[in-house]
Amino acid sequence: MENYLNDLNAPQLEAVLHRDGPLIIIAGAGSGKTKVLTTRIAHLLKEGVSAFNILALTFTNKAASEMKERIKTILNHSDPLNLYIGTFHSVFARILRVEAPQLGYPTNFTIYDPEDAKSLIKTIIQGYNLDDKLYKPNLILNRISDAKNNLISPKAYNENPKFQEEDRMRKKPELGKVYQKYTDECFKNGAMDFDDLLVNMHTLLIKFPAALHKYQHKFKYILIDEYQDTNYLQYCVIKMLADANENICVVGDDAQSIYSFRGATIDNILNFHKNYDQVKTIILDQNYRSHQNILHAANAVIKKNNLQMQKNLWTHNPIGEKIKLIQTQSDSDEGKKIADIIKEQNLRHHIDYKDMAILYRTNAQSRSFEEALRRQNIPYKIYGGISFYQRKEVKDILAYLRILTNHADNEQLKRIINTPTRGIGKTTIEKCLIISAEQNIPFYDIIKTPEAYGFKSATATALANFSTLLQYLTTLMPKQNAYEITEQVCKHSLLLKEYLSDKTVEGIARYQNVQELLNSIKEWTELPDNEDGEFIDKSLSAYLQQIALLTDTDKNNAEDLNSIKLMTVHSAKGLEFKAVFVVGMEEELFPSSQNLNDIKDLEEERRLFYVAITRAKMKLWLSNAQQRYKYGLLSMNDPSRFIDEIPAELIENMVMKNDYNPQYFSKPQDYAKFGFKNKTLNHDLKPKDTDNYKQKDLNFATKEKIQTPNNSVFVNEIGIYKIDQKLMHLKFGNGRISLLEGDINNIIAHIIFDNHPNEVKRIFMKYAKIQILE
DNA sequence: CTTTACCCACTTTTT
DNA sequence: GTGGGTAAAG
């Protein structure tokens, strides 16, 4: 514990020991950035700085929780009380929960995710009778987000002829009006979108000197991670908070700036020394992560960028293996080949699955790998994509919960008032919303007394009944915890019944998602009260607050512990793996077709590639396919230019053009399991017959439909399973089948799991994440 | 008011 | 290949 300073190198130690005054750390990839940050915080605490006075901001919840963990470890588990470590959004949300009333918001304000925001924008566009072909919610939201992140209020926006002109050019002259309306509506609904969390924090500090004073003195030491990814708004807030003490430490790497599309600006790093006197600058350029070949490749690639701070990472690590290049004919071959290599790495080279990752440019690329990994029985975990909390059925339930905690939120009520259908149609809802807007009465209050607003007979009854239900559920809030209320909501709203009665594949999946939501809420309410020494409020609003800013990437289940990880390069930032596969290395894909024209955009793509390479500790593969399916359509692409930017001597070419021969997926019985007839099998084993191969592969993906999003490995033949079959369920662990029922399309196995020997679980094999144990 | 069937746009990346 | 939105039928 006392020797926590011992294993730091000189610049790292200097950064940790630097006590007061502005400090900027330029930390190359793998140079021990997190270690410095966490050790620095631990050291401050050791030196007697109160945890209460420290603020550390990160970009992801994951980074934040990792930092907390590591600080605890350094301090030998004496718990870091009241440390404000979190993302910009979560920390500011936490502060705004207290301060919101000053800004005219309720303390239990709702947080809108981009989907909520888009839906509101859509309503506004319709309300103004604007052409939704021109006014696409997505683009509008981006524009509004840009404005907010540059601190341009709706008023300023509308008074600025430059924006008016730009919008006219883009045939969206009313955009400013939409921005204003959107802001007003959010406010009326008691809701903040992600950007508002920052904007309102800024407003709070600007408008209320007492608040500024309070937080300036609370946060005597401020640390910012990934400073290269901060935008102007974040910069302004940080600047204000830090101005009283100037004990601000920022860590960043311009070479890893990959969020400029979100308004991040590298200027914040470049100008740091202009903002403060006597800035201390420390450069960490010794890399502890990667073998030399990998690091050299990364250095060579990033050198191609003009706009950057020159630096050269070096390492004492071994030279290591060369980078391996894989070219395949198609995207599905790419999946198979890589699944094959992964298996080999695991079996022959004893690299755990959890130490490997497949990184891609876009989430859509995950499919071919999912399929291949599933066939090989390789456990995998996909990060990103459609988050659990974004699923329709989950959002519907959350909408019920949110309206209970915030009656002003018309958006949530609109979402659920007829879900499940209860005879309240479009016209009725529209009428309510018009009344709500005209008379400034929340939707929620209108339906309490529908007759008073001119609704008659069946409609009025339906509205009043629903209102009664919501009011009843509201009365439960003080008495019951989040889980108990959610149970009541599911029951009384008849949502659960609705899902349960839907026997389609999707319906069953939805039901299971709802169950998973219930389970996770239950789990949350059962957490011990005093983790981190904090009392944890188990109320519904507390629950909603904490999930609002969660993403899938943050959930870390034990069941994923030995899974290979699939994610976008963006979400891989900050992580490291022994073996990394950067896939889809093709022009138009990586670099993305949208970023080929502007040199600045292209350089960001290159930094993204740099980030991808530098995730690898020991082994790195790059792969590209000659053709791939882009939502149904076949497209052909050249290998990425980035491949050529790696010096040839660092690369070992494993061209697989027409001689792909699966090593681990070649036994006939393997194919039979998937319903391939022998003919197909022959095609599969004769890869030179590429046309047929392709054709069959397409069939597999489309027509045979033997798999669904979360499903198992073997599903289409009941003969695959037998009584006493041993298998592993990703959630429940090992078990054996005691009984089989259902039909070929829906096999239900009764399984007794080792952890619950006295309990028989009925598992829908179609959906379960199952691995057969031979 | 509800259900169904077709059409379309969508895929850059995230809090 | 998916999901959402719309129009017509029930």
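The structure we're discussing is the one just above.
Think of each chain on its own: its residues are numbered from 1, step by step along the sequence as written. Each chain gets a letter, beginning with A, and each ligand a number, beginning with 1, in the order they are written. Restriction of local features to residues with pLDDT of at least 70 applies here, the model being predicted, together with a cutoff of 80 or more for giving and counting side-chain atom pairs; totals for whole chains, interfaces and linings are based on all residues. The basis for the side-chain values is all heavy atoms of the structure; hydrogens and waters are excluded.

S.K.: Would you mind showing me how to read the pattern of salt bridges here?
M.R.: By definition, a salt bridge exists where a carboxyl oxygen of Asp or Glu is found within 4 Å of a side-chain nitrogen of Lys or Arg. Under the criterion given, the structure shown has 42 salt bridges. Here D167 and R143 are joined by a salt bridge, their closest N and O atoms 3.2 Å apart. Of the two residues, D167 is situated in helix α8 (residues 161-169) and R143 in helix α6 (residues 137-149); the sequence distance between them amounts to 24 residues. The same class applies to D167 as to R143, namely buried. Helix numbers and strand numbers start at the N terminus; a helix is a DSSP run of H or I with at least 4 residues, a strand a run of E with at least 2. Think of it in three bands: residues with accessible area under 20% of the maximum for their type are buried, residues over 50% are exposed, and the middle band is partly exposed, with areas taken using a 1.4 Å probe on protein chains only.

S.K.: What's the story with the layout of surface pockets in this structure? I'm lost.
M.R.: A pocket, in this scheme, is an open set of points on a 1 Å grid over the protein atoms alone with protein on both sides within 12 Å along at least 5 of 7 lines, while a cavity is a set where a 1.4 Å probe fits but cannot get out; residues line either one if an atom lies within 4 Å of a point. Grid points are joined across faces, edges and corners, and a volume is the space filled by probe spheres set on the points. By volume, the second largest pocket amounts to about 1,100 Å³. In this structure, the second largest pocket is lined by 33 residues; those nearest its centre are T123, I124, E411, K414 and L433. For the lining of the second largest pocket, the secondary-structure elements that each account for two or more residues are α5 (114-127), α9 (175-188), α19 (410-416) and α20 (426-439). Top element by residues in the lining of the second largest pocket is α5. It accounts for ten residues. In this count, Pro and Cys sit with the nonpolar residues alongside Ala, Val, Leu, Ile, Met, Phe, Trp and Tyr, while Asp, Glu, Lys and Arg are called charged and the others, Gly among them, polar. Taken together, the residues of the lining of the second largest pocket sort by class into ten nonpolar, nine polar and 14 charged.

S.K.: Hey, could you run me through the environment of L608 in this one?
M.R.: Residue placement: L608 occurs in helix α28 (residues 599-613). It is 23 Å that separates the C-alpha atoms of L608 and N138, two residues lying 470 residues apart in sequence. Any pair of residues with heavy atoms lying within 4.5 Å of one another is described as a contacting pair. If sequence neighbours within four positions are ignored, L608 has contacts with I258, R361, V569, H570 and F590.

S.K.: Would you mind going over the state of the cysteines with me for this structure?
M.R.: Working definition of a disulfide: a covalent bond connecting the sulfur atoms of two cysteines. Cysteine sulfur atoms are paired as a disulfide whenever they fall within 2.5 Å. Scanning all chains against the criterion turns up zero disulfides. Of all cysteine sulfurs, the one in C236 lies closest to C249, which takes part in no disulfide; the gap is 20 Å.

S.K.: Sorry if this is basic, but what is going on with the protein's contact with DNA strand B here?
M.R.: Throughout this document, a residue counts as near a molecule or strand when at least one of its heavy atoms sits within 4 Å of that molecule or strand. Looking at DNA strand B, there are 30 residues lining it, with R262, R361, G423, T427 and Q594 nearest. For DNA strand B, the backbone makes up 52% of the atoms found within 4 Å of the protein, where backbone means sugar plus phosphate. Between a base oxygen of DNA strand B and a side-chain N or O atom of H89, the distance comes to 3.0 Å. Polar contact is the term for a pair of N or O atoms within 3.5 Å; when the atoms are in protein, one must be able to donate a hydrogen and the other to accept it, and sequence-neighboring residues count only if both atoms are side-chain atoms. T427 places a polar side-chain atom, nitrogen or oxygen, 2.7 Å from a phosphate oxygen of DNA strand B. Mapped onto the surface near DNA strand B, the elements with two or more residues apiece are α20 and α27 (569-572).

S.K.: What's the story with the nonpolar core in this structure? I'm lost.
M.R.: Across soluble globular proteins, nonpolar side chains have a tendency to be buried as a group. To form a nonpolar core, buried Ala, Val, Leu, Ile, Met, Phe, Trp, Tyr and Cys residues must be joined to one another through side-chain atoms within 4.5 Å. Residues L413, I417, F466 and Y543 are the most contacted members of the largest nonpolar core, which totals 48 residues. Contacts of Y543, omitting those with residues within four sequence positions, involve Y389, L398, A482, L517, S520, I521 and W524. L57, Y84, L198 and L212 belong to the second largest nonpolar core, which has 45 residues in total.

S.K.: Whenever I open this one, α28 confuses me. Can you help?
M.R.: Quick reminder: α-helices carry 3.6 residues per turn. Residues three or four places apart thus point the same way. Here α28 spans 21 Å end to end across 15 residues, near enough to the 21 Å set by a 1.5 Å rise per residue. Within α28, twelve of the 15 residues are buried, which leaves the element mostly enclosed by the surrounding structure. Within α28 the residues assigned to the buried category are L602, E603, E604, E605, R606, R607, L608, F609, Y610, V611, A612 and I613. Residues of α28 that are buried in the fold lie against α15 (292-303), β10 (356-360), α27, β13 (577-582), β14 (616-630) and α29 (641-644). In this structure D598 caps α28, since a side-chain oxygen of it lies 3.0 Å from the backbone nitrogen of K600. Each residue after the first adds 1.5 Å to the expected span of a helix.

S.K.: For this particular structure, what's the right way to read the packing of aromatic side chains?
M.R.: Given two aromatic rings, one states the distance between the centres and the angle between the planes to describe the pair. Only centres within 6.5 Å qualify two rings of Phe, Tyr or Trp (six-membered ring in Trp) as a pair; their planes then separate them into stacked at under 30 degrees, edge-to-face at over 60, and tilted for everything else. All chains considered together, the criterion is met by 18 aromatic pairs. Aromatic side chains F88 and F92 sit 6.0 Å apart centroid to centroid with 85° between the ring planes, which places their arrangement in the edge-to-face category. Taken as a pair, F88 and F92 lie in helix α4 (residues 88-99) at a separation of four residues, close to a single helical turn. Owing to a relative accessible area of 1%, F88 belongs among the buried residues under this scheme. Between the aromatic rings of Y400 and F466, the centroid separation amounts to 6.2 Å while the plane-to-plane angle is 80°, which identifies the pairing as edge-to-face. With Y400 in helix α18 (residues 392-405) and F466 in helix α22 (residues 457-476), the pair connects residues that are 66 residues apart, well separated along the chain. Look at Y400 and you get buried, because its relative accessible area is 0%. Exposure remark for F466: the relative accessible area of 2% places this residue in the buried category. What links up through ring pairs into an aromatic cluster is the set F59, F88 and F92. The aromatic ring of Y128 is capped on one face by K177, whose charged end is 4.5 Å from the ring centroid. In this arrangement the basic side chain of K381 is found over the ring face of Y383, its NZ or CZ atom lying 5.5 Å from the centre. Should the NZ of a Lys or the CZ of an Arg lie within 6 Å of a ring centre and within 35 degrees of the ring normal, that charge is described as sitting over the ring.

S.K.: Could you clarify how one ought to interpret unusual backbone geometry in this entry?
M.R.: Here T419 and P420 are connected by a cis peptide whose omega angle stands at -5°. Along the chain, the position of P420 falls in the loop between α19 and α20. Here K171, not a glycine, exhibits a phi torsion of approximately 60°, which is positive. In this fold, K171 is placed in the loop between α8 and α9. With relative accessibility at 57%, the residue K171 sits in the exposed group.

S.K.: It is not clear to me how the packing of α15 against α28 should be interpreted in this structure. Could you clarify?
M.R.: Helix packing geometry: the angle between the two helix axes and the distance between the axes. Note on method: axes are straight lines fitted to C-alpha atoms, helices fitted across the in-contact stretch only, with angles between N-to-C directions ranging 0 to 180 degrees. Direction vectors running N to C along α15 and α28 enclose 175°, while the axes themselves pass 9 Å from each other. In terms of orientation, α15 lies roughly antiparallel with respect to α28. Contact residues: I294, A298, N299, V301 and I302 in α15; R606, R607, F609, Y610 and I613 in α28. Across the contact of α15 with α28, the residue classes tally to seven nonpolar, one polar and two charged. These descriptions rest on fixed angle ranges, namely under 35 degrees for roughly parallel, over 145 for roughly antiparallel, 65 to 115 for roughly perpendicular, and the rest for oblique.

S.K.: Honestly, helix α23 (residues 482-492) in this entry has me stumped. Any pointers?
M.R.: Among the residues of α23, those classed as buried are A482, Y483, I485, T486, Q488, V489 and C490. Those residues of α23 that are buried are in contact with α18, α22, α24 (495-501), α25 (505-525) and α26 (540-548). Measuring from the side-chain oxygen of the N-cap residue of α23 to the backbone nitrogen of Y483 gives 2.9 Å; that N-cap residue is N481.

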